[in-house]
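What the coordinates show
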Amino acid sequence: MIRALLTALLVLATWPAGARASELYVTNTHSGTISVIDTTRDEVVATIALGGGVPNRIVLTPDGTQAWAIHDKSRVISVVDVAARKVLRKVKIGEWPYNLTFTPDGRYCWVLDWGDVSKLLIWDVQKSALDGEIEVSTWPAHGIFSRDGKLFWVTSETAGNVAVVDVPQRKILEVLPSSGDAMGLALGTDGQFVYVANGEDKTISKVDSRTHRIVGTGKVKGVNHDVVLTPDGRSLYVTMRKANRIAVLRADDLEIVTEIPQPGYPDLVVMSNDGTKAYVSNRQANVVTVIGLSDHREIKRIPVGKGPHGMALSPPPRQ
């Protein structure tokens, strides 16, 4: 304990002036707030009130200056100044925005909308206006961009498929029947493979990002939701909410390495910037668990607000 404290103090002392530790922003669905976690101390250092609604998914702008949080079953996104810890404005968009992500250059925010007609809504950040839309299968759940930003992969939960979208042309190139109720997505460290969590099917699909073909399938022991790759590219963390466990799979052959018990409905996973820890939102336990990646063991539980769900990590402190 003393050694860990001394190490933390040394890290703080050697940061450049004005630098801030990487922070994890967690939306609390039943509290209407964002908990801000200092990832050096693994403690909540601030709480941001969003002024009503049910905050769900959250992302940071690529420069890390703003957090955008969707309010579930509404048409509202709260735009938060992370330095000032306050809401700057509310953006109204779509019929039922569920998830969102920024293009790598930060110019557009792509919003996954669960309206009567499911769509990808393309929001021009600078103009603060809708710039286009792409119709997709029902209930688009998760989306990721390729490293170069030319492709966008999106799962459709109730349709059980993955669409590959040509970003410059804004059209669907291909739809893959991944099976189950397709949910989480992870992009390999070299961009060659995309991993898909298939929910009720209790499988993980491995897709070749160049040929858009499924090249491998792994089995897990429960309904899965999120899938996240460890920074070294070797392992996949798969949340099994109803089973209160995380399955750890080898990325190359999708075989289970171990399982990690969780306290209550593990939902989403975020990897730390230094590659040593994973953070998991446990919605029914009102905590974020911290897992050491070296041995896949839980090392801490961080109390947050009620019903933690979405998480977004700020970039590393500037050097």
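Up top is the structure.
Criteria and cut-off values
- Residues numbered from 1 in each chain as written.
- Predicted model: local features only at pLDDT ≥ 70, side-chain atom pairs only at ≥ 80, totals over all residues.
- Heavy atoms only, no water.
- Buried < 20%, exposed > 50% of the residue type's maximum accessible area, 1.4 Å probe, protein only.
- Helix = DSSP H or I, 4+ residues; strand = E, 2+ residues; numbered from the N terminus.
- Pairing = 2+ DSSP bridges.
- Axes fitted to C-alpha atoms, helices over the stretch in contact; angles between N-to-C directions.
- Contact = heavy atoms within 4.5 Å.
- Polar contact = N/O pair within 3.5 Å; in protein donor to acceptor, adjacent residues only side chain to side chain.
- 1 Å grid on protein atoms, 1.4 Å probe; cavity = no way out; pocket = protein on both sides within 12 Å on 5 of 7 lines; lining within 4 Å.
- Points joined across faces, edges and corners; volume = space filled by probe spheres on them.
- Nonpolar A, V, L, I, M, F, W, Y, C, P; charged D, E, K, R; others polar.

**What about unusual backbone geometry?**
Backbone geometry places D42, a non-glycine residue, at a positive phi of 55°. You can call D42 buried: its relative accessible area is 7%. The residue Y265 is not glycine, and still its phi comes out positive at about 60°. Looking at where Y265 falls in the secondary structure, it is placed in the loop between β23 (256-261) and β24 (266-271).

**Description of the sheet that holds strand β15 (residues 171-176)**
The sheet built from four strands is open, its strands ordered β12-β13-β14-β15 with antiparallel pairing. The open sheet is flanked by β12 (140-145) and β15, the only strands paired with a single partner. Mean inter-strand twist for the sheet, computed between neighbouring axes without regard to direction, equals 25°. The pairing of strand β14 (residues 161-166) with β15 spans five bridges and is antiparallel.

**Side note on the environment of L249**
Mapped onto the elements of the fold, L249 is located in strand β22 (residues 245-250). The class of L249 is buried, set by a relative accessible area of 0%. Considering only alpha carbons, one finds L249 and Y237, 12 residues apart in sequence, at a separation of 6.7 Å. Contacts of L249, omitting those with residues within four sequence positions, involve I204, V220, R234, S235, L236, V238, L254, E255, I256 and V257.

**Things to note about the side chain of H142**
For H142, the location among the structural elements is in strand β12. Given the relative accessible area of 7%, H142 is considered buried. Side-chain polar atoms of H142 contact the side chain of R57, separated by 3.3 Å. Not counting the four nearest positions on each side in its chain, H142 is found in contact with R57, N99, L112, W153, V154, T155, M183, G184, L185, H225, D226 and L268.

**Comments concerning the layout of surface pockets**
In this structure, the largest pocket encloses a volume near 1,600 Å³. Along its surface, the largest pocket is lined by 43 residues, and T101, G143, I144, V228 and V270 are the ones closest to its centre. At the level of secondary structure, the elements contributing two or more residues to the lining of the largest pocket comprise β4 (55-60), β8 (97-102), β12, β16 (185-187), β20 (227-229), β24 and β28 (308-313). Counted by class, the lining of the largest pocket contains 25 nonpolar, 15 polar and three charged residues.

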